[in-house]
Amino acid sequence: MGSEALTHRYLPVLVVIIISIIIGMSIIIISKLVRPKRPYTLKLTPYECGIPSIEDTWERFNLKFYIVAIVFVIFDVETIFLYPWAITYKKIGFYALIEMYLFIVILFIGYFYALGKNVFNWSKE
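A. Fine view of the packing of aromatic side chains. Under the counting rule described, the total for this entry stands at 7 aromatic pairs. Taken together, a centroid distance of 5.8 Å and an interplanar angle of 85° make the contact between Phe-81 and Phe-103 edge-to-face. Note that Phe-81 is positioned in helix H3 (residues 63–87) and Phe-103 in helix H4 (residues 89–116), a separation of 22 residues in sequence. Classification of Phe-81 as partly exposed rests on a relative accessible area of 47%. Judged by centre distance (6.4 Å) and plane angle (85°), the rings of Phe-108 and Tyr-111 are edge-to-face.

B. Summary view of H4. In this model H4 runs just 34 Å from its N-terminal to its C-terminal C-alpha over 28 residues, more than 12% under the 40 Å that 1.5 Å per residue would give. At Tyr-95, H4 shows its largest kink, close to 75°. All of the buried residues along H4 are Ala-96, Leu-97, Met-100, Ile-104, Leu-107 and Ala-114. Close packing links the buried residues of H4 with H3. Looking at the residues trailing H4, positive phi occurs at Asn-118, about 55°.

About the criteria used
- Residues numbered from 1 in each chain as written.
- Predicted model: local features only at pLDDT ≥ 70, side-chain atom pairs only at ≥ 80, totals over all residues.
- Heavy atoms only, no water.
- Phe/Tyr/Trp six-rings, centres within 6.5 Å; stacked < 30°, edge-to-face > 60°.
- Helix = DSSP H or I, 4+ residues; strand = E, 2+ residues; numbered from the N terminus.
- Buried < 20%, exposed > 50% of the residue type's maximum accessible area, 1.4 Å probe, protein only.
- Expected span 1.5 Å × (residues − 1).
- Bend = angle between axes of the 7 residues up to and from the residue.
- Contact = heavy atoms within 4.5 Å.

By themselves, these figures tell us nothing about what the structure is for.
Structure below.
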């Protein structure tokens, strides 16, 4: 297989990529030219949850918020792994049951570790 055959094979892919880039850039440029431009001070101020900002918007958050988010993602991923396992349980057998229990035990060790570190305590320190 020569390089010429390879070029003919991937030429449609290259054409689609180029057309997609052209369409995407043209949409961005046209929308910048057509959109209304009426900036005013209230429109340019930071806005969150319906409450106007009183102080600096670059506030540092407590590390516990990030840890809770990571724990949530871990248990979300656990659910993603449990669903296909439950569907194919009869095919994969008893060994997979032991592996899944081990997986759940490891996740609960992490959960109890987070509980021990008071990650879920929302009161101020």
